[in-house]
Amino acid sequence: MNAPAIDFDPDLVRRLDRQGPRYTSYPTADRFVEAFDAATYRAWTARRNPGGLDRGLALYVHLPFCSDVCFYCACNKIITRDRARGARYLDYLGREIALQGALFGEDRRVGEMHWGGGTPTWHGVHELAALWRRVGEHFELEAGGEYSIEVDPRTVTPESVAALRAIGFNRVSFGVQDFDPEVQAAVHRVQSEEATLATIEAARAAGFVSVNVDLIYGLPRQTLMSFNRTLARVTAARPDRVALYNYAHLPAQFKPQRRIAQADLPHAETKLKLLALAVERLGAAGYAYIGMDHFALPHDALAVAQRHRRLRRNFQGYTACADRDLVGLGVSAIGGIGPTYSQNFRTLEKYYGRLDGSELPVMRGVELGADDLVRRAVIQELMCHFTLCLESISLAYLIDFERYFAAELKELRELETLGLVSLEPGWLSVTPRGRFLVRRVCMVFDRYLARGADGGRFSRVI
Ligand code: SF4
C-alpha cells in the first residue's frame, strides 16, 4: 500500500479552513470534568489490571521548565533558571512515579515512553539519567521499546546528545522552527543554524533510530524566501520526520504571544504560500504526508505503519506503536486508561500538595460513553488513514452506521460537493485535495462541537 496522495489546493484551504481541534484525543481536553478524580483513576487502573492480562503501557513524562520564553509558545511551561526548583520538581515527580507504578502489575510492561515539556533537556544529563532509573525502578521497560525525548538544541552539545542515547532514548525530536535570524529574534528564540545541524548530526552518530525536526510556518517576519532557505537546510539534514506546525496567534489565551507585533505576522495569503512551499519542498525531498502536521521519510516507522494501516493518533501526534494504556506523569500531564482520559494538576502548588498527602495529583478527566467510543474510532481512522470502512465501524460498535450517523452523512454530502470527501457505498474517503483539511471532516463527527461549542479557542490551518 502506498502513502496517501496529497493534492494541496490553496483555494479549498482558503474556503473551508475553520478553527478546530487537532484531535489528539476525542473528546478533547476541554471536555474533562473535575468529578473524575484520583479515586476514579485508581478504580479504572484496577479494572484494567487483572492478573494475566497482557496489555502493555505507554508513559508520558512532563518536564515543564525552560530558561527563556519563546514568544509563540502555547505550551504548559515554567520559565526559570533556578536549578533548585528543577531538583524539587524531580523529587515530587519521583514520588508520583512510585505511586503510579504501584497501581500496575509487573506484567504491564512499558513499550513506549515520551518525555516532553517545557524543555526536558533544561535538566542536566545526570538528572535525566537519575529520572530514567527512577522510572525503571517502578515500571518494567521493554528492551525494544520506543523511547523519545524532545530536545531544545540550545541546551545540548554533541556529547550530551550521545549521553541521552546512552541513557536509553532511541528517538529524538529537535525544536528548530526557523533558521532565519530575523524570525528567531522576533520570537525570542535565537539558536545558531550550525549548532542545531551539529546536534542533529550528533544524534545520528549516536544511533538514534528516528530524528524529528519541528518547524513552524506563520511566524513573525517569515518570508517565502527565508522559509525556503530553512526548508532547504532542514531537508538536506535528512531528519526521518518533520513536524510542520501552524503558528496560531491567540494572544488573548497565551500571554507570551502578546509580545509578537501583529504587524510582523505574515498575511493569511502569505501563510498559505508558506504552507504550499513547505508541502512542495518536503514532497520533492521524498517526505510522505502522514497526516495533520506530520511528514516522514518512507522508511520511518510512521510511514511504514500508515502503509500497513497500523498508524494511531495520540497526545504526541501520531504513533506507530500498539494501542496501550497511557500513564501521564508530571504536572499537567494527560493519560488515558481504558475508556478514560485524565489530567494532572496544572500548577506546581497543587501538584505538590496532592503528593505531599501521598495522593495521585489527578485534577480532572472523562469516562467515555458508548457514543464517544464510536466517534473516537471514526475520528482516529480518518486522521490516520483518510478512509473509513463504514461496515467495520458498524460491526465493531454494533450500530447501523448509515442510520446512526444519518445527520453526519448529510453534512458530508455537502462537503463532497465541495471536493473534500468522497462517499461511495460502504466507504468514506478524504480526497487528496481534502487531506490538509482532515480535521474539518472529523469535526462533522464531533458531538460536542455539533452542540454549539465555541471553536474559537482552537487553531486553523492558516
Ligand atoms: S516553545 Fe518550548 S522551549 Fe519555548 S518556551 Fe515554549 S516550551 Fe519552552
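Residues numbered from 1 in each chain as written. Predicted model: local features only at pLDDT ≥ 70, side-chain atom pairs only at ≥ 80, totals over all residues.

Participant: Looking at this structure, I do not really get unusual backbone geometry. What am I missing?
Facilitator: Excluding glycine, residues mostly have negative phi values, and the peptide bonds linking residues are mostly trans. Residue Pro-27 is reached from Tyr-26 by a cis peptide bond, and omega for that bond is 0 degrees. By secondary structure assignment, the location of Pro-27 is in the loop between α1 (10–16) and α2 (38–47). Note the cis peptide between Gly-117 and Gly-118, where omega equals 25 degrees. Along the chain, Gly-118 falls in the loop between β4 (110–117) and α4 (125–138). (Helix = DSSP H or I, 4+ residues; strand = E, 2+ residues; numbered from the N terminus.)

Participant: Just checking my understanding: could you explain the environment of Cys-70 for this structure?
Facilitator: Tracing the backbone shows Cys-70 in the loop between β2 (65–66) and β3 (78–79). Sequence-wise, Cys-70 and Glu-414 are 344 residues apart; in three dimensions their C-alpha atoms are separated by 41 Å. Leaving out residues up to four positions away in the same chain, Cys-70 has contacts with Val-187, His-188, Arg-189 and Pro-256. (Contact = placed C-beta atoms within 7 Å.)

Participant: In this structure, what is going on with the site of the ligand? I would like to understand it.
Facilitator: In the vicinity of the ligand, the contacting residues are Cys-66, Val-69, Cys-70, Cys-73, Cys-75, Lys-77, Gly-117, Gly-118, Thr-119 and Asp-152. Of the residues assigned to the shell around the ligand, the class counts are five nonpolar, three polar and two charged. (Near = placed C-beta within 6 Å. Nonpolar A, V, L, I, M, F, W, Y, C, P; charged D, E, K, R; others polar.)

Participant: For this particular structure, what's the right way to read the domain arrangement of the protein?
Facilitator: Think of interface size as the accessible area that goes away when the parts come together; that is how it is often given. Its domain assignment divides the protein into domain 1 (1–27 + 370–462) and domain 2 (31–326). Taken over C-alpha atoms, the centre of domain 1 sits 26 Å from the centre of domain 2. Taken together, the 27 residues of domain 1 in the interface contact 24 residues of domain 2. When contributions to the side of domain 1 that touches domain 2 are tallied by element, the ones reaching two or more residues are α1, α12 (370–385) and α16 (438–442). In terms of residue class, the side of domain 1 that touches domain 2 is made up of 15 nonpolar, six polar and six charged. (Domains from an automatic or database assignment.)

Participant: What is the right way to read the sheet that holds strand β6 (residues 171–177) from this model?
Facilitator: Consider a sheet: its strands pair through backbone hydrogen bonds, and that pairing is either parallel or antiparallel. If you trace the nine strands from one edge of the open sheet to the other, you get β9-β10-β8-β7-β6-β5-β4-β1-β13, paired in mixed fashion. Taken across any chain shown, the strands that pair with only one partner, and hence form the sheet edges, are β9 (288–291) and β13 (325–329). Direction aside, neighbouring strands of the sheet carry axes that sit 20 degrees apart on average. Where strand β5 (residues 141–151) and β6 come together, four bridges link them in parallel fashion. Its bridge partner lying in β6, Val-151 is registered against Phe-174. Against the sheet, helix α7 (residues 193–206) makes contact with β6 and β7 (210–217), and its axis sits at roughly 170 degrees relative to β6, the strand it touches most. Together, β6, β7 and β8 (241–246) form the strand contacts of helix α8 (residues 224–237), whose direction differs from that of β7 by roughly 175 degrees. (Pairing = 2+ DSSP bridges. Axes fitted to C-alpha atoms, helices over the stretch in contact; angles between N-to-C directions.)

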